[in-house]
Amino acid sequence: RQAAGPRGDAEGEAGFELHYQPQVRLNPYGLHRVEALVRWTHPRWGAVSPMEFVPLAEECGLIDRLDSWVLETSVAQLGRWRAAGVPVPGLAVNVSAVRFARGDLPDQVRSVLAANGIPAADLTLEITERLMMTEEVGAHDALDALHALGVTLSIDDFGTGYSSLSYLKRFPVGELKIDRSFVKELDIDAANRPLVRAIIQIGEALGLTIVAEGVEREAQHRMLEAEGCAIGQGYRFARPMPAAALADWLAAEG
Ligand code: G
Ligand code: G
Ligand code: MN
Ligand code: NA
């Protein structure tokens, strides 16, 4: 069966597909989980970045369907990998703040996990600081319900959004992703290292897992390891890849 795309079309027609990027444990080194990243190829414009179409989908009310399709498709993929004996320990999925405002996200998560035999502990939802600042009670209830299910909530692009940290004690957050902009020049501009160290210390103090994104070079990798960062993601380890390429990547990693 061909997966239905977010517009209800066949996946190929809609032009959406998912790539998966490994997030690796730095010590001892190994695959921690994969992050699902949506890709869109327009028939005439070619590949369009999610940085462009995700904000548009949020504005025109299509993000709910897009994020729902990504969730259903990626959890089903995790089930297929496991059925085929490909050892993928977990999955992270990006969810727009807009999707949280519609109250049915916890129900959708519960049913898609059950349908594919995936434990809630193996799913992480990456959310933005913007969602943490919302006053919408429905979104707060959804965060609590997802936490109660056993899903991990991760703050994407941490450090670039709102400066208030009070949401870290108000909401059941389990993980922070250090934004790429801090990691980018970690080995070049000395000002970045104390910031990265401080974020790692916040994580230690509050019992949060820290993921560094945008790790491209060995020097960045070694500095993050020395600072005690748990998880890394970036071209240094692997680029986002189609589902079919992951088994080969894992085999090559040994
Ligand atoms: O993969 P790439 O770096 O091009 O992604 C750019 C941005 O798009 C990232 O901030 C990422 O969080 C976001 N993004 C990627 N996939 C999804 C998705 O399925 N849903 C939402 N809401 N955002 C996504
Ligand atoms: O914000 P979020 O973590 O959801 O975005 C992940 C995005 O970062 C993806 O679009 C992915 O393509 C991109 N990305 C992943 N690794 C690297 C990297 O090492 N360098 C750069 N510049 N971008 C990366
Ligand atoms: Mn993300
Ligand atoms: Na990010």
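Residues numbered from 1 in each chain as written. Chains lettered and ligands numbered in written order. Predicted model: local features only at pLDDT ≥ 70, side-chain atom pairs only at ≥ 80, totals over all residues.

Caption draft 1: Representation of the overall build of the protein within the structure. Scanning the protein from N- to C-terminus turns up 12 helices and 10 strands. Relative to the compact-globule value of 18 Å for 254 residues, the protein shows a C-alpha radius of gyration of 18 Å, a close match. By residue count, 35% of the 254 residues in the protein fall in the buried class. The long-range fraction of contacts in the protein, counting pairs at least 24 apart against all pairs at least 6 apart in sequence, stands at 62%. (Helix = DSSP H or I, 4+ residues; strand = E, 2+ residues; numbered from the N terminus. Rg over C-alpha atoms; globule rule 2.2 N^0.38 Å. Buried ≥ 20, exposed ≤ 12 C-beta atoms within 10 Å, placed from the backbone. Contact = placed C-beta atoms within 7 Å.)

Caption draft 2: Quick peek at the nonpolar core. Residues Val70, Leu91, Val93, Ile178, Ile210 and Ala212 are the most contacted members of the largest nonpolar core, which totals 59 residues. Broken down by element, the residue count for this core peaks at 7 residues, all from helix α3 (residues 63-83). Leave out the neighbours within four places in its chain, and Ile178 touches Phe158, Gly159, Val183, Val196, Ile199, Ile210, Val211, Ala212 and Glu213. (Core = buried A, V, L, I, M, F, W, Y, C linked by C-beta atoms within 7 Å.)

Caption draft 3: Region of interest: α3. Counted at 1.5 Å a residue, the expected span for α3 with its 21 residues is 30 Å, and the 30 Å between its end C-alpha atoms agrees. All buried positions along α3 are accounted for by Ile63, Leu66, Asp67, Trp69, Val70, Leu71, Thr73, Ser74, Val75, Gln77 and Leu78. In this fold, the buried residues of α3 make contact with β1 (16-26), β2 (29-42), α2 (50-59), β4 (91-94), α4 (97-101) and α5 (105-116). Two residues or fewer after α3 comes Gly85, characterised by a positive phi angle close to 80°. (Expected span 1.5 Å × (residues − 1).)

Caption draft 4: Representation of the pairing of β2 within the structure. Examined bridge by bridge, β1 and β2 share 11 bridges and lie antiparallel to one another. The partner of His19 across the bridge, within β2, is Leu37. Alignment of β2 against β4, held across 3 bridges, turns out to be parallel. Looking at the pairing, Ala36 lines up with Val93 of β4. Where β2 lies against strand β3 (residues 46-48), 3 bridges are found, and the strand directions are antiparallel. Its bridge partner lying in β3, Trp40 is registered against Val48. The turn joining β2 and β3, which pair antiparallel and follow one another in sequence, is formed by 3 residues. (Pairing = 2+ DSSP bridges.)

Caption draft 5: Structural context of helix α7 (residues 137-149). In a regular helix each residue adds 1.5 Å, so 13 residues correspond to 18 Å; α7 covers 18 Å between its end C-alpha atoms and thus fits that length. Each element contacted by the buried residues of α7 is listed here: α4, α5, β5 (123-127), α6 (129-132) and β6 (152-158). Immediately downstream of α7, the backbone of Gly150 shows phi near 110°, a positive value.

Caption draft 6: Expanded view of the site of ligand 1. Around ligand 1, the neighbouring residues are Leu37, Val38, Ser49, Pro50, Met51, Val54, Asp67, Val70, Asn94, Ser96, Asp156 and Pro240. Contributing elements (two or more residues each) for the shell around ligand 1: β2, α2 and α3. Broken down by element, the shell around ligand 1 gets its largest block of residues, 3 residues, from α2. Of the residues contributing to the shell around ligand 1, the split by class is 7 nonpolar, 3 polar and 2 charged. (Near = placed C-beta within 6 Å. Nonpolar A, V, L, I, M, F, W, Y, C, P; charged D, E, K, R; others polar.)

Caption draft 7: Up close: the site of ligand 2. Ligand 2 sits among 16 residues. The nearest are Glu213, Gly214, Glu216, Gly234 and Tyr235. Classifying every residue of the shell around ligand 2 gives 4 nonpolar, 5 polar and 7 charged.

Caption draft 8: Fine view of the pairing of β1. With respect to burial, β1 is a largely interior element, 8 of its 11 residues being buried. Two elements, β1 and strand β10 (residues 241-242), share 2 bridges in a ladder whose sense is antiparallel. Across the sheet, the residue bridging to Tyr20 is Met241, located in β10. In this sheet, strand β9 (residues 231-232) lies alongside β1 in antiparallel orientation, the contact comprising 2 bridges. By the bridge assignment for β9, Arg25 is matched with Ile231.

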